[in-house]
Amino acid sequence: MAKPTSAREDLIETAVELFRARGYEGVGVAELLQKSGAPRGSLYFHFPGGKEQIGAEAVARVGAEVEARFRELRESNVDLDTYVDRVFKYTAKEVKEREYHASCPMAAIAAEFSSAHGPNLHAAVRNAFNAWQREIALAAQERGMAAKNAEIFASAMLTAMEGAFIVSKAQVSPAAHLNAARAIKALASALLAH
């Protein structure tokens, strides 16, 4: 017998994977139902807010998972160059494993924001990015970077990471992640010196 929450979980997991590949606008409710195997009635039972609610919950889930990975890496006490290398090696591996057909769902969704998207989806993406940036800034500060410079570093690293997802998908290559790592390590070195 299936768990009572399996349709809900299946819809969220399916949404994450589809958003990675095609963004929010490129995914329809019918496809979410078909790919997840969830019955039609379960969508509005579990997600009375419809597709936007599924999107916001999928984004919140990915946001929390990535935030936890950043926290774990920060708490590992590796030096800042190793921290940066590990992040970008992971992101390069992730996009390569998906054969360059998918990227970070945050980048895919944020790249297509419009006034048609509801406030819950906007808030979920903003909250996830803010949480990741806080974790990156904390990692930099704990490794000797001044607070103001750590904020600059975190913003640049997040921007480079999300941009690398988009560029590597278009170029069908991990090079953007590896080059971003080099650039962010150079920035870290400069900001640590001040």
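Residues numbered from 1 in each chain as written. Predicted model: local features only at pLDDT ≥ 70, side-chain atom pairs only at ≥ 80, totals over all residues. Heavy atoms only, no water.

Observations regarding the overall build of the protein
Okay, so step 1: Looking only at helices and strands, one finds nine helices and zero strands in the protein.
Okay, so step 2: Listing the helices and strands of the protein from first to last along the sequence gives α-α-α-α-α-α-α-α-α.
Okay, so step 3: Computed over its C-alpha atoms, the radius of gyration of the protein comes to 18 Å, within 12% of the 16 Å expected for a compact globule of 194 residues.
Okay, so step 4: Overall size of the protein, expressed as C-alpha extent along the three principal axes, is 60 × 40 × 30 Å.
Okay, so step 5: Across the 194 residues in the protein, those meeting the buried criterion constitute 46%.
Okay, so step 6: The contacts in the protein between residues at least 6 apart in sequence include a share of 71% that link residues at least 24 apart. (Helix = DSSP H or I, 4+ residues; strand = E, 2+ residues; numbered from the N terminus. Rg over C-alpha atoms; globule rule 2.2 N^0.38 Å. Buried < 20%, exposed > 50% of the residue type's maximum accessible area, 1.4 Å probe, protein only. Contact = heavy atoms within 4.5 Å.)

Section: helix α7 (residues 119–142)
Residues that lie three or four places apart on an α-helix share one face, since the helix turns once every 3.6 residues.
Okay, so step 1: Compared with an ideal rise of 1.5 Å per residue, which puts 24 residues at 34 Å, α7 spans 34 Å between its outermost C-alpha atoms and is within 8% of the ideal.
Okay, so step 2: For α7, every residue scored as buried is listed here: Leu-121, Ala-124, Val-125, Ala-128, Phe-129, Ala-131, Trp-132, Glu-135, Ile-136, Ala-137, Ala-139 and Ala-140.
Okay, so step 3: Check the buried side of α7 and you find it contacts α4 (50–75), α5 (80–97), α6 (105–110) and α8 (147–171).
Okay, so step 4: Of the residues flanking the end of α7, it is Gly-144, one or two places downstream, whose phi is positive at about 100 degrees. (Expected span 1.5 Å × (residues − 1).)

Examining the layout of surface pockets
Okay, so step 1: Considering only enclosed or pocket space, the largest pocket measures out at about 360 Å³ in volume.
Okay, so step 2: Around the largest pocket, the lining comprises 20 residues; the ones closest to its centre are Val-66, Arg-69, Phe-70, Val-87 and Tyr-90.
Okay, so step 3: Elements that contribute at least two residues to the lining of the largest pocket include exactly α4, α5 and α8.
Okay, so step 4: Here the lining of the largest pocket gets seven residues from one element, more than from any other, and that element is α4.
Okay, so step 5: Taken together, the residues that form the lining of the largest pocket break down as eleven nonpolar, two polar and seven charged. (1 Å grid on protein atoms, 1.4 Å probe; cavity = no way out; pocket = protein on both sides within 12 Å on 5 of 7 lines; lining within 4 Å. Points joined across faces, edges and corners; volume = space filled by probe spheres on them. Nonpolar A, V, L, I, M, F, W, Y, C, P; charged D, E, K, R; others polar.)

Side note on the pattern of salt bridges
Okay, so step 1: All chains considered together, the criterion is met by 13 salt bridges.
Okay, so step 2: A salt bridge links Glu-57 to Arg-8; its shortest N-O distance comes to 2.6 Å. You can see Glu-57 sitting in helix α4 and its partner Arg-8 sitting in helix α1 (residues 6–22), a full 49 residues away along the chain.
Okay, so step 3: Taking the shortest distance from any N to any O, the salt bridge between Arg-71 and Glu-67 comes out at 3.1 Å. Here the residue Arg-71 and the residue Glu-67 both occupy positions in helix α4, the gap between them amounting to four residues, near one helical turn.
Okay, so step 4: A relative accessible area of 29% places Arg-71 in the partly exposed class. (Salt bridge = Lys/Arg side-chain N within 4 Å of Asp/Glu carboxyl O.)

A closer look at unusual backbone geometry
Okay, so step 1: Of note in this structure, Asn-77 is not a glycine but carries a positive phi near 65 degrees.
Okay, so step 2: Relative to the elements of secondary structure, Asn-77 occurs in the loop between α4 and α5.
Okay, so step 3: Unlike most non-glycine residues, Tyr-100 shows phi in positive territory, near 60 degrees.
Okay, so step 4: You can see Tyr-100 is positioned in the loop between α5 and α6.
Okay, so step 5: Residue class for Tyr-100 comes out buried when judged on its relative accessible area of 12%.

As for the packing of aromatic side chains
Okay, so step 1: For the coordinates displayed, the defined rule picks out three aromatic pairs.
Okay, so step 2: Between Phe-70 and Trp-132 the ring centres are 6.4 Å apart and the planes differ by 50 degrees, which places this aromatic pair in the tilted class. Of this pair, Phe-70 sits in helix α4 while Trp-132 sits in helix α7; the two residues are 62 residues apart in sequence, bridging distant segments of the chain. You'll find Phe-70 and Trp-132 in the same group, each marked buried.
Okay, so step 3: Measuring from centroid to centroid gives 5.6 Å for Phe-129 and Trp-132, while their planes differ by 75 degrees, and the two rings are edge-to-face. With a gap of three residues between them, Phe-129 and Trp-132 both fall in helix α7, about one helical turn apart. Of the two residues, Phe-129 and Trp-132, neither departs from the other in class, the shared state being buried.
Okay, so step 4: Among the aromatic residues, ring-to-ring pairing joins Phe-70, Phe-129 and Trp-132 into one connected group. (Phe/Tyr/Trp six-rings, centres within 6.5 Å; stacked < 30°, edge-to-face > 60°.)

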